[in-house]
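Structural overview
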Amino acid sequence: MKKSIVSALTTALVLGAASTTFAAANPFEDVPADHWAYDAIAQLAADGVIEGYGDGTYRGDQEITRYEMAQMIARAMAKGGGDKALIDKLAAEFADELNNLGVRVAALEHHKEVNPIQSNAQYVTLRLEPEMTINKNWTAHARLDYSTDMNSAKNSTGGGNRIAEDADDEFVMDRVWVQGDYKNLQILLGKLPYVSFIDNGMVLDAPVAGGQLTIGNKVKVTLTGGRANGENAGRNGWPARLDPFDSESDPISGATASYQGIELYNDREDKITWGVGYHHFSNKAVLSQRYEDDDKEAMNIWDFGLGWKMTDSLALNGSYAWNTSTKDNAQTEHDSKHAWSVELDYKGADPADKGSWGAFVAYRNLGYEAVWAPTYDAMGPGQHGVTLGLDFVPMKNFQATFKYFIGKDKTYNEEDDASKFFTELNFFF
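On a predicted model such as this, the values are computed, not experimentally measured, just so you know.

1. So, the pattern of salt bridges
Tallied over the entire structure, the rule returns five salt bridges. Residue K218 is joined to D270 by a salt bridge in which the shortest nitrogen-to-oxygen separation is 3.4 Å. Of the two residues, K218 is situated in the loop between β8 (208–216) and β9 (219–229) and D270 in the loop between β10 (256–266) and β11 (272–282); the sequence distance between them amounts to 52 residues. Given a relative accessible area of 44%, K218 falls into the partly exposed group. A salt bridge links D417 to K408, with the nearest nitrogen and oxygen atoms 2.6 Å apart. What emerges from the salt-bridge pattern is a single network uniting K218, D267 and D270.

Next comes the structure, spelled out in structure tokens:
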């Protein structure tokens, strides 16, 4: 497909049917001003939807891959606006092409966070999750996130290799890895997704660039090593000190540390689940800033998990983590080296089942030196309190999530009241 045709199609997504005079200058030296697609290309370049090549050319007569097409469509869709009927028609058309290539649009998420400690934030994330079969044992995976901060000129996408951005938007290759599945053995290599299994993500839910090996059947051992991304810690919490949309106030946003971890746990489908793990993070430059301790070189965290599926609809899960390398000093007066969570879950929502729902209530105490990048959306490191959550599927392939946290921020020596309301809307294509 020619790039000039792509420009015409994606312009409809961005601008709709309105007649517009473009003020943006054309950044590509090989696109003449009298070309029929000149205005569209100039505007899309200004909006960050297309980038061209590093030598200043656009090469509009060159064939592009459908993967490149998917990237441009994802950027344009995340912009919003335009003729809805046309957008739906084009989305359906390209969904077929993407599916033929093993690419599917996983979710379009809308988040709204309200926190008296941090400024209000609203952002939209479009995620593409391509999958490709290599052979009978190996598959290739990726996750591309396009995020738009609705309130600020800066945004957060969870960290990754940047593909394109402007002042308000960012498109990142958040994860890309290959996976080998054999009997009682799984191998992951690349920038892989990692959620600490035994504590349901209390210690770590962030990409790890490296490798992971899981061995076992009913009882498993997972070994993980590489570089752990720390930006989730900024986005989900670090109350009072760090603004997740302001890299200048967050000296470690997106910073990484060398990571090695081991987890031993039983089958997650068992009625009683258990597990124990060890996590080691090292990067003195990052950790000394993160914990305001010039001698901080490493974090050594032990964690334990226990779960009980009481009925088909009711489950109780508990987790505990302890940073054994933290010294007792002024920074740890509020027990920051310990973290724990107790959660009661009722039922569960299934996006394919209209009317299904689930709810939970949890009490969590997240000592900020006992966790790296916790998975929780409504609270973060240095906070403790109660979180209430509800998932509901009002229509097929559309799930709404609501979470409300009320508690305390204990990052500093004085505790402050803290609360946060988080909503998430997921559309599955």
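2. Focus: the environment of V176
Within the secondary structure layout, V176 lies in strand β6 (residues 169–182). In sequence terms V176 and R143 are 33 residues apart; their C-alpha atoms lie 6.4 Å from each other. Contact partners of V176, with chain neighbours within four places excluded, come to H141, A142, L189, G190 and K191.

3. So, helix α2 (residues 38–46)
Extensive coverage of α2 is indicated by the burial of seven of its nine residues. Restricting attention to buried positions, one finds in α2 the residues Y38, A40, I41, A42, Q43, L44 and A45.

4. Section: the nonpolar core
In this structure, M202, L204, V208, Y259, F281, A339 and W372 are the most contacted members of the largest nonpolar core, which totals 29 residues. For this core, the secondary structure elements donating two or more residues are β7 (185–192), β10, β12 (298–309) and β18 (416–427). If you look at the next biggest cluster of nonpolar residues, it comprises nine residues, including A37, I41, L44 and Y58.

Criteria and cut-off values
- Residues numbered from 1 in each chain as written.
- Predicted model: local features only at pLDDT ≥ 70, side-chain atom pairs only at ≥ 80, totals over all residues.
- Heavy atoms only, no water.
- Salt bridge = Lys/Arg side-chain N within 4 Å of Asp/Glu carboxyl O.
- Helix = DSSP H or I, 4+ residues; strand = E, 2+ residues; numbered from the N terminus.
- Buried < 20%, exposed > 50% of the residue type's maximum accessible area, 1.4 Å probe, protein only.
- Contact = heavy atoms within 4.5 Å.
- Core = buried A, V, L, I, M, F, W, Y, C linked by side-chain atoms within 4.5 Å.

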